[in-house]
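Given next are the chains, with one letter for each unit.
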Amino acid sequence: MAFQRRLGLLLTGLTGGLLLLQNWVTPAQPTSLSALAHHPHLCQTTWDADGRHYPGFFCPRLSDTPEEAYCCHLQAAGGYCCTRAEFEALYQVNLSALPSPPILRGRGPLLALSLYTVLLLALMTADLVHFCCGRGAGRPPSASSAARPLQASAVEQLRKEGNELFKCGDYEGALTVYTQALGLGATPQDQAILHRNRAACHLKLEDYDKAETEASKAIEKDGGDVKALYRRSQALEKLGRLDQAVLDLQRCVSLEPKNKVFQEALRNIGGQIQEKVRYMSSTDAKVEQMFQILLDPQEKGTEKKQKASQNLVVLAREDAGAEKIFRSNGVQLLQRLLDTGEADLMLAALRTLVGICSEHQSRTVATLSVLGTRRVVSILGVENQAVSLAACHLLQVIFDALKEGVKKGFRGKEGAIIVDPARELKILISNLLELLTEVGVSGQGRDNALTLLIKAVPRKSPKDPNNNLTLWVIDQGLKKILEVGGSVQEPPGELAVTANSRMSASVLLNKLFDDLKCDAERENFHRLCENYIKSWFEGHGLAGKLRAIQTVSCLLQGPCEAGNRALELSGVMESVIALCASEQEEEQLVAVEALIHAAGKAKRASFITANGVSLLKDLYKRSEKDSIRIRALVGLCKLGSAGGTDFSMKQFAEGSTLKLAKQCRKWLCNDQIDTGTRRWAVEGLAYLTFDADVKEEFVEDEAALKALFQLSRSEERSVLFAVASALVNCTNSYDYEEPDPKMVELAKYAKQHVPEQHPKDKPGFVRARVKKLLAAGVVSAMTCMVKTESPVLTNSCRELLSRVFLALVDEVEDRGTVVAQGGGKALLPLALEGTDVGQTKAAQALAKLTITSNPEMTFPGERIYEVVRPLVSLLHLNCSGLQNFEALMALTNLAGISERLRQKILKEKAVPMIEGYMFEEHEMIRRAATECMCNLAMSKEVQDLFEAKGNDRLKLLVLYSGEDDELLRRAAAGGLAMLTSMRPSLCSRIPEVTTHWLEILQALLLSPNQELQHRGAVVALNMVEASKEIAGTLMESEVLEILSVLAKGKESPVTRAAAACLAKAVEYGLIKPNQDGEGGAASCTR
């Protein structure tokens, strides 16, 4: 062993010495262009800016022609072999005028070569001696050496498994398997393959950032991996980094010059770069022209400037245009437009800023630093409503850009200049909170600020554990929000508010309270609210008490738990009762509204329910002011509807409810009363329409319905929930389950109360009411309600509208009316946003419309692609069987329209769920799923799934083609005919999947249903054309006789397909033609 160690050290020393000698005698490698001209055949080793290594080589290589014997270097790649003319053109040299390259000849190199030869012989001898000694000793191999082949085998097995999953379209599963293989200690070569395979999966999943990362890792392991280079170029192209993608493609072409795929990709990306350059050049001219007009001091009129600024708005909607405006000091120019104070120029500037900031975080931060956060927020408070709304839109875009991040097309280009957006967000929110209590701010601006806070502050999902922003807003701004909620509309010296301001404040308070996670956080919220109410209730006289009571009303409409606790504060409830008897209308209004809100929300103030009826009746009879009487009436309606839809629980005497409803309709139709007061009439009807008698009279009153729909379109947005509630009651679209008769008998025996349904709530009455609402124009009114951009349109309100829409489309004959009045368009946002129940109801209504109408007319243009996601959501297991069935039917219709729609369905990952329902026990669901799969089979991806080995998809279709259910057989046979036509390889697998395949095919051909016969004949034709062996099997069976009979029938698709089968069999020589030219059973050659 000592001898071996000494020998190893000696050999190592000799090797090192020879290497030093070789370095000493070898000339230096060329490092400059002039030096490269003296070594024209050498492409030296290089590294690019990203640290990627490119090994050197001599030209020509095996893949190059003899003329390509010179090395042409690129700036960022390792070079490629070129001709002499290209070399001289690149380096601007004349090789014939230069001396010949030096050749290593002389004593030094010869001596080094001789010593190297001796060393090589010595090493071979030592290795042979070591081998012989080791073999004689007979030592067993070490555990580590034995484990290496096992690891390599496991890696190879996982890689093959991942490849199979990839072929089947399970890209996420393939990713998981490749990751497991990487964890087994794969060799560098295997790691390169696995990383490039992961890149392919990410490309399919459209995660281009990760695809670029994985491809780069593969290239680090193997710099000559052409597939990894190509996949990285694809990812870079999708990310918009064309300059980097073209370098990778050039490298691919240099490694494989004859690869047509690489050449075509390089040409395509070159065309994209040229198009982008041309577009940017034209954009430069546009921007310069607009700026010249806007900056021209000689321009006296503003019309030309306004036109130029409007053109800037259009230009800013395009990414390239927005980038050019931003880089041309456009933000500073737009700031000057904002400073003019002219509404048109301010609108144009704000809309241009929207384009600049949209989905681009770095430009957003830079814009805020130039304009100033305070300056942008202050524009919200201007009196001009259009300017205030435009500023609100800009701030919403800024919030989205800061919270959601940059758009995919700009990733990687701006990371160095992006700052943490948390600070900018807090500055924005802090300024919005300050704006709420500033004197001089318009009521519309205050509403817009509340709307922004509602959208920006609470968490998007309860699954997000971080609610720090909500806690910060509660600590910093809860008192400011309560100040808006407790303000009285338009008294002198108060904050300017609109009719919607207090409701918006209630919605924001409710959102903040719902976003709290623990009792400690809720207790802090209660404490801050109670301290604020006490601070106004004590020591500020009557005005302070009014503000405190108004604040309690605001809390009761929002976080009612906080409102209930505030009612229990000392003296609050007593003050409410006392102020109801005040002679001042303003004081009475505040007290009565508080009493109305408390009547349904105050759990611990039970005396309101017990004594409230007499108090409200007294106000209703004695007050001379309609504003007081109508509010008292609403309170009575609220108390009178405590039984809900239970016909057996009547709070008032017979006929009293109808009298209240009649008075509400009278006030509703009175145009002389302001909309704020008429809103309370709708509130009353929302409670009274629990009574079926009231519903019947209400839908018969065309004037009342017309007034209701007009009010829903007015600026009084707080009426939306009441309108939606009344419509839900009239259409009976609330959840109702028929009680179990046995449980009813048991409840009666136990002397328990059993709810009773009103006779006029039976289905026949409900359908009649729906038709009357449709005739009155309810769909148009609801469409306008859905379009409302107000926090008053809460998720709960959206759910109510979804319920009504579902009730309106229940009857097939009514669906055309709903579509004609814009119902299809209105349902899309309801299906994508709101409560889970509301989204499901809206999606089910969309499914009903898609089933019975032409989807391309119901959802024109790009809107049809938005329908797919809501329909796929109905396939989840938490939905009912009816919803599953309707979704499958609707998707079947969509899948039959175009390949793009089929791709959209595949992208939403609906195929696994559809396959699951093909095994459903319910025959209608099973049939619908099979029909949907039949239409999806026209897509290549679905065909690949059926063609993949190791699955029973084809077997299921074959077996379903022999079921008793004729509709199921038709769907399965149609899918089988389509698949065997598009993928002939499946024909040879049909006999393998089941031994009954021949019987099933014969049954299809003998079916009295011509559609089934046609499908069977097409399957038979496809199988005959696919393989002579299968054709022989068919001709030896009874299929031959059946086809002969079918071919002699009346001219039809079936006879043509049967004749084609026989003709192919004749061509194979399996049968001989008859005198008529057809095959016959007696002429079989076998």
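Residues numbered from 1 in each chain as written. Predicted model: local features only at pLDDT ≥ 70, side-chain atom pairs only at ≥ 80, totals over all residues. Heavy atoms only, no water.

The name an unreviewed UniProt entry gives the protein is Protein unc-45 homolog A, with Canis lupus familiaris as the organism.

Participant: Whenever I open this one, the overall build of the protein confuses me. Can you help?
Facilitator: Each helix and strand in the protein was counted, giving 57 helices and 8 strands. Buried residues in the protein amount to 49% of all 1086 residues. A total accessible area of about 53700 Å² is found for the protein, and carbon and sulfur atoms account for 53% of it. (Helix = DSSP H or I, 4+ residues; strand = E, 2+ residues; numbered from the N terminus. Buried < 20%, exposed > 50% of the residue type's maximum accessible area, 1.4 Å probe, protein only. Areas by Shrake-Rupley, 256 points an atom, 1.4 Å probe, with all protein chains shown as cover.)

Participant: What is the right way to look at the confidence of the model for the protein in this model?
Facilitator: Caution applies to low-pLDDT parts of the model: their predicted coordinates are not meant to be read in detail. Averaged over all residues, the pLDDT of the protein is 80; the fraction at 70 or higher stands at 81%. The low-confidence segment residues 405-418, where pLDDT is below 50, has 28 contacts with residues more than four positions distant or belonging to other chains. Here residues 643-649 is modelled with pLDDT under 50, and outside its nearest four sequence neighbours on either side it reaches 17 contacts, counting other chains as well. (pLDDT = per-residue confidence, 0-100. Contact = heavy atoms within 4.5 Å.)

Participant: Hey, could you run me through the pattern of salt bridges in this one?
Facilitator: Two side chains carrying opposite charge are able to pair once their charged atoms lie near each other. Under the counting rule described, the total for this entry stands at 46 salt bridges. Lysine 771 serves as the salt-bridge partner of aspartate 814, at 3.0 Å between the closest nitrogen and oxygen. A residue pair is termed long-range when its members are at least 10 positions apart, and aspartate 814 in helix α39 (residues 812-820) and lysine 771 in helix α36 (residues 763-776) qualify at 43 residues. Take lysine 771: its relative accessible area is 36%, and that puts it in the partly exposed class. One network of salt bridges, with partners in common, ties together Lys695, Glu696, Asp761 and Arg769. (Salt bridge = Lys/Arg side-chain N within 4 Å of Asp/Glu carboxyl O.)

Participant: Looking at this structure, I do not really get the side chain of arginine 815. What am I missing?
Facilitator: One can find arginine 815 in helix α39. Buried and unpaired, arginine 815 has glutamate 886 as its nearest opposite-charge partner, separated by 5.5 Å. Of note is the side chain of arginine 815, whose polar atom sits 3.4 Å from the backbone oxygen of aspartate 810. Excluding residues within four positions of it along the chain, arginine 815 makes contact with Val809, Asp810, Lys848, Leu849 and Thr852. (Lys, Arg positive; Asp, Glu negative; His and termini not counted. Polar contact = N/O pair within 3.5 Å; in protein donor to acceptor, adjacent residues only side chain to side chain.)

Participant: Help me out: how do you make sense of the packing of aromatic side chains in this one?
Facilitator: Summed over all chains, the structure comprises 4 aromatic pairs. The interplanar angle of 65 degrees and the centroid separation of 5.2 Å between the aromatic rings of phenylalanine 166 and tyrosine 171 together place this pair among those described as edge-to-face. Over the ring of phenylalanine 537 we find lysine 545, and its NZ or CZ is 5.0 Å from the ring centre. Its end group placed over the ring of tryptophan 680, arginine 679 keeps NZ or CZ at 4.6 Å from the ring centre. (Phe/Tyr/Trp six-rings, centres within 6.5 Å; stacked < 30°, edge-to-face > 60°. Lys NZ or Arg CZ within 6 Å of the ring centre and 35° of its normal.)

Participant: Explain the nonpolar core to me, please; I cannot follow it from the model alone.
Facilitator: Soluble globular proteins tend to bury their nonpolar side chains together. Residues Leu808 and Leu1034 are the most contacted members of the largest nonpolar core, which totals 244 residues. A per-element tally of this core places helix α18 (residues 385-404) first, with 10 residues. Other than its neighbours up to four places away in sequence, leucine 1034 contacts Trp997, Leu998, Leu1001, Ala1020, Met1023, Val1024, Val1039 and Leu1040. Judged by nonpolar contacts, the second largest core, of 10 residues, contains Val155, Leu158, Ala181 and Leu194. (Core = buried A, V, L, I, M, F, W, Y, C linked by side-chain atoms within 4.5 Å.)

Participant: Can you walk me through helix α14 (residues 330-339) in this structure?
Facilitator: Helical periodicity: at 3.6 residues per turn, an α-helix aligns residues three or four positions apart in one direction. Turning to α14, its buried residues number three or more, namely Gly330, Val331, Leu333, Leu334, Leu337 and Leu338. With its buried residues spanning 160 degrees around the axis, α14 presents them on a single face. Away from the buried face of α14 by more than 90 degrees, exposed residues Arg336 and Asp339 are located. Note on α14: the residue one or two positions beyond its end, glycine 341, has a positive phi of about 80 degrees. (Arc of directions from axis to C-beta.)

Participant: Would you mind going over unusual backbone geometry with me for this structure?
Facilitator: With glycine set apart, most residues show a phi of negative sign, and most peptide bonds adopt trans. Despite not being glycine, asparagine 732 shows a phi value in the positive range, around 50 degrees. Within the secondary structure layout, asparagine 732 lies in the loop between α34 (720-731) and α35 (741-749). On the accessibility criterion, asparagine 732 (17% relative accessible area) is buried. Phi at lysine 909 is positive, roughly 60 degrees, even though this residue is not glycine.

Participant: Whenever I open this one, the packing of helix α31 (residues 675-688) against helix α33 (residues 702-712) confuses me. Can you help?
Facilitator: Axis angle and axis distance: for two packed helices, these are the angle between their axes and the distance between the axes, and together they describe the pair. For the pair α31 and α33, the least separation of the axes is 11 Å and the interaxial angle reads 125 degrees. Taken together, the axis directions place α31 and α33 in an arrangement best described as oblique. For α31 against α33, the interelement crossing comes out left-handed. Two secondary-structure elements touch here, α31 through Thr675, Arg678, Arg679 and Val682 and α33 through Ala707, Leu708 and Leu711. (Axes fitted to C-alpha atoms, helices over the stretch in contact; angles between N-to-C directions. Parallel < 35°, antiparallel > 145°, perpendicular 65-115°, else oblique. Left-handed = near helix turned anticlockwise from the far one by under 90°.)

Participant: Sorry if this is basic, but what is going on with the state of the cysteines here?
Facilitator: Each disulfide consists of one covalent bond between the sulfur atoms belonging to two cysteines. Here the structure, examined in full by the defined rule, presents 2 disulfides. One disulfide bridge connects cysteine 59 with cysteine 81, the sulfur atoms lying 2.2 Å from each other. An S-S torsion of about -85 degrees defines the bridge between cysteine 59 and cysteine 81 as left-handed. One end of the pair, cysteine 59, is in the loop between β4 (57-58) and β5 (70-72); the other, cysteine 81, is in strand β6 (residues 80-82), with 22 residues separating them in the sequence. Residue cysteine 59 is classed as buried on the basis of its relative accessible area of 8%. (Disulfide = S-S within 2.5 Å.)

Participant: Quick question: what am I supposed to make of a nonpolar patch on the surface here?
Facilitator: Taken together, Tyr116, Leu120, Leu121 and Met124 make up a surface patch of nonpolar side chains, about 430 Å² in accessible area. Its location among the elements puts leucine 120 in helix α4 (residues 107-137). (Patch = residues over 30% accessible without salt bridge, like charges linked within 9 Å, V, L, I, M, F, W, Y side chains within 5 Å.)

Participant: Looking at this model, I keep getting lost on empty space enclosed by the protein. Mind explaining?
Facilitator: Take a probe with the size of a water molecule and roll it over the atoms, and the empty space left behind shows itself. Per the stated rule, a full pass over the model turns up 4 cavities of 30 Å³ or more. Approximately 60 Å³ is the volume attributed to the second largest cavity. Val958, Ser961, Leu976, Ile990, Trp997, Ile1000, Leu1001, Leu1004, Val1019 and Met1023 are the residues that line the second largest cavity. Of all the secondary structure elements, the ones that give two or more residues to the lining of the second largest cavity are α53 (997-1005) and α54 (1010-1026). Looking at the lining of the second largest cavity element by element, the count peaks at 4 residues for α53. A breakdown of the residues in the lining of the second largest cavity according to their chemical character gives 9 nonpolar, 1 polar and no charged. (1 Å grid on protein atoms, 1.4 Å probe; cavity = no way out; pocket = protein on both sides within 12 Å on 5 of 7 lines; lining within 4 Å. Points joined across faces, edges and corners; volume = space filled by probe spheres on them. Nonpolar A, V, L, I, M, F, W, Y, C, P; charged D, E, K, R; others polar.)

Participant: Help me out: how do you make sense of helix α15 (residues 343-357) in this one?
Facilitator: The terminal C-alpha atoms of α15, which comprises 15 residues, lie 21 Å apart, in line with the 21 Å expected from a rise of 1.5 Å per residue. Taken across its 15 residues, α15 has 12 buried, putting it largely inside the fold. Buried within α15 are the following residues: Leu345, Met346, Leu347, Ala348, Ala349, Leu350, Thr352, Leu353, Val354, Gly355, Ile356 and Cys357. (Expected span 1.5 Å × (residues − 1).)

Participant: Can you help me understand the environment of alanine 724 in this one?
Facilitator: For alanine 724, the position within the fold is in helix α34. The exposure class of alanine 724 is buried, given its relative accessible area of 0%. Between the C-alpha atom of alanine 724 and that of glutamate 799, which follows or precedes it by 75 residues, the distance is 9.2 Å.

Participant: Before we go on, may I ask you to explain the side chain of asparagine 431 in this structure?
Facilitator: By the element assignment, asparagine 431 lies in helix α19 (residues 421-436). Sequence-distant contacts of asparagine 431, that is, excluding residues within four places in its chain, are made with Thr373, Arg374 and Val377.

Participant: Mind showing me how you'd approach the packing of helix α9 (residues 226-238) against helix α10 (residues 242-255) here?
Facilitator: Contact pair α9 / α10: the axes reach a minimum separation of 8 Å and the direction vectors enclose 160 degrees. In terms of orientation, α9 and α10 fall into the roughly antiparallel class. Between α9 and α10 lies a crossing of left-handed hand. Contacts from Val226, Leu229, Tyr230, Arg232, Ser233, Leu236 and Glu237 of α9 reach α10 at Leu242, Gln244, Ala245, Asp248, Leu249, Arg251, Cys252 and Leu255. Its residues assigned to classes, the contact of α9 with α10 shows 9 nonpolar, 2 polar and 4 charged.

Participant: Looking at this structure, how should I read the environment of glutamate 833?
Facilitator: Note that glutamate 833 resides in the loop between α40 (823-832) and α41 (836-852). Classification of glutamate 833 by relative accessible area gives partly exposed; the value is 44%. Look past the residues within four positions of glutamate 833 in its chain and what remains in contact with it is Arg798 and Gln839.

Participant: What exactly am I supposed to notice about the environment of leucine 808 here?
Facilitator: Considering the arrangement of structural elements, one finds leucine 808 in helix α38 (residues 795-808). Beyond its immediate stretch of four places on either side in the chain, leucine 808 contacts Val770, Leu774, Val778, Val779, Met782, Asp814 and Val818.

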